[in-house]
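Chain by chain, the residues run as shown.
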Amino acid sequence: MNLNPKFPLYLPGVKNTGNDNVSIIGANLREDVTTLGYYISGNGAIEVKIQQDYPTKEYASFSDILKKFIQDNGLDNVKRFGMAVPGPVLNGKSSPERLGWELNLEEYSGAFGFEKAEMLNDQEAAAYGMALLEDNDLEPIYSSGHLEKGNVAILAPGNGLGEAGYFFDGKYLRPFATEGGHSEFSPRTNVEVEFYQFLNNIYGIVSWENVLSKTGLFNIYRFLRDVKRHPEPEWLAERLSNGNFVQELYKAAVEEDVMICKIALDTFLEFLAREANNLTLKLKATGGLFLSGDIPQEIRAYVNKDKFYEKYKISDKMEEMLKNIPIYLVKQNHMALNGIALYTAYYHQD
């Protein structure tokens, strides 16, 4: 995987030949599935040799997963290790709420003998991974035909709501993490006030993650069903409870034309456009907005691009800036894993 010149990342170690031909294990930790990859670096690129998924909840600790990956593949004397985690990272430590694990880089370096180890928030890692995307991995929602210069916003609804960005320093893009998904949701219409009150009774403080995530989509659906009394077919209730909720809701909306599912998706996309607006304004992301994460990929064919763009650019005073910002939907799914491997290979010069 080679760097895409459209993403001029700040990676000072790329030109150091000491970072070539280095063995790396990368890990992307998620609530449902933890993915590990074995990489070799070289000439400013990385090559994935092995990639495997492990059901997160079947293991007592991340160390158990890492040990199994190394044993399963007969890996020996791996030089570097990098991990992307779904939560804030402070001094090489993280305690992601959705995992219930205490993660500590020093522990893994000592136990497995890595010469160098790195830990990033998963959305910051994904920002590095975007630099490895090919042009056909980016589907334009609105584009002037090229990426503009400036800060970039990344919005990624999946198990949670990831928000990150790139700071443009005049020459390079520098990824950074945020915890903006935990900022408070605010309603705009009378129906949304009802929705807010519904969520307030459940959560107390209502964050954007309670609205724009897999749980958030379920919250929208059950509000429509339980409060607004939209009918739910019996067969649908069974499918939603026994299958992948997002996939089953999407199929019911597109294939069976079930109204409650279509309204749920339309509502989700309207909220997504609004939070995309919020994040873009807060980061002054004139360089672009990227929508990634599991949900946009799963419902990609349902997205009305013109409608999303119109909802996104609504603003009290900033519509002129917002309407010229390119928006892309990311179609690739291993950005955090590849990104942490890239960072581990080339961020540091030595």
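Residues numbered from 1 in each chain as written. Predicted model: local features only at pLDDT ≥ 70, side-chain atom pairs only at ≥ 80, totals over all residues. Heavy atoms only, no water.

K.L.:
When you look at the environment of Arg239 in this model, what are you seeing that I'm missing?
P.N.:
With respect to the helices, strands and loops of the structure, Arg239 is situated in helix α6 (residues 234-242). Judged by relative accessible area, which is 26%, Arg239 ranks as partly exposed. Considering only alpha carbons, one finds Arg239 and Leu249, 10 residues apart in sequence, at a separation of 8.7 Å. Residues in contact with Arg239, not counting those within four places in the same chain, are Glu248, Lys251, Ala252 and Glu256. (Helix = DSSP H or I, 4+ residues; strand = E, 2+ residues; numbered from the N terminus. Buried < 20%, exposed > 50% of the residue type's maximum accessible area, 1.4 Å probe, protein only. Contact = heavy atoms within 4.5 Å.)

K.L.:
Which parts of the structure should I look at to understand the packing of helix α3 (residues 122-130) against helix α12 (residues 335-346)?
P.N.:
Any two packed helices are characterised by how steeply their axes cross, that is the angle between the axes, and by the distance between the axes. Packing of α3 against α12 brings their axes to within 6 Å, and their N-to-C directions diverge by 80 degrees. Relative to α12, the element α3 is oriented roughly perpendicular. Facing Asp122, Ala125, Ala126, Tyr128, Gly129 and Met130 of α3, the residues of α12 in contact are Met335, Ala336, Gly339, Ile340, Leu342 and Tyr343. Grouping the amino acids of the contact of α3 with α12 by side-chain chemistry returns 9 nonpolar, 2 polar and 1 charged. (Axes fitted to C-alpha atoms, helices over the stretch in contact; angles between N-to-C directions. Parallel < 35°, antiparallel > 145°, perpendicular 65-115°, else oblique. Nonpolar A, V, L, I, M, F, W, Y, C, P; charged D, E, K, R; others polar.)

K.L.:
Mind showing me how you'd approach the pattern of salt bridges here?
P.N.:
Pairing of side chains with opposite charge becomes possible as their charged atoms draw close. Here the structure, examined in full by the defined rule, presents 25 salt bridges. In this structure, the salt-bridge partner of Arg98 is Glu31, at a minimum N-O distance of 3.9 Å. Of this pair, Arg98 sits in the loop between β5 (93-94) and β6 (103-104) while Glu31 is found in the loop between β1 (23-28) and β2 (33-42), placing the two residues 67 residues apart along the sequence. Take Glu31: its relative accessible area is 26%, and that puts it in the partly exposed class. (Salt bridge = Lys/Arg side-chain N within 4 Å of Asp/Glu carboxyl O.)

K.L.:
In this structure, what is going on with the packing of helix α8 (residues 259-283) against helix α10 (residues 305-312)? I would like to understand it.
P.N.:
At a minimum axis separation of 8 Å, α8 and α10 run at an interaxial angle of 45 degrees. It follows that α8 is oblique to α10 by the angle criterion. The element α8 and its partner α10 pack so that their crossing is right-handed. Here α8 contributes Asp266, Leu269, Glu270, Leu272, Ala273, Ala276, Asn277 and Thr280 to the contact with α10, which in turn contributes Lys307, Phe308, Lys311 and Tyr312. Looking at the contact of α8 with α10 residue by residue, the classes come out as 6 nonpolar, 2 polar and 4 charged. (Left-handed = near helix turned anticlockwise from the far one by under 90°.)

K.L.:
Honestly, the pairing of strand β12 (residues 288-291) in this entry has me stumped. Any pointers?
P.N.:
Residues in a regular strand project their side chains so that they alternate between the two faces of the sheet. Neither face of β12 is exposed, since Gly288 and Phe290 on one face and Leu289 and Leu291 on the opposite face are all buried. Note that strand β9 (residues 152-157) and β12 share 4 bridges and pair parallel. Its bridge partner lying in β12, Val152 is registered against Gly288. Inspection of the sheet shows β12 paired to strand β13 (residues 327-330) by 3 bridges, in the parallel sense. The partner of Leu289 across the bridge, within β13, is Ile327. (Pairing = 2+ DSSP bridges.)

K.L.:
Would you take a moment to explain the environment of Gly204 for this structure?
P.N.:
Tracing the backbone shows Gly204 in the loop between α4 (190-203) and α5 (214-226). Between the C-alpha atom of Gly204 and that of Ile260, which follows or precedes it by 56 residues, the distance is 26 Å.

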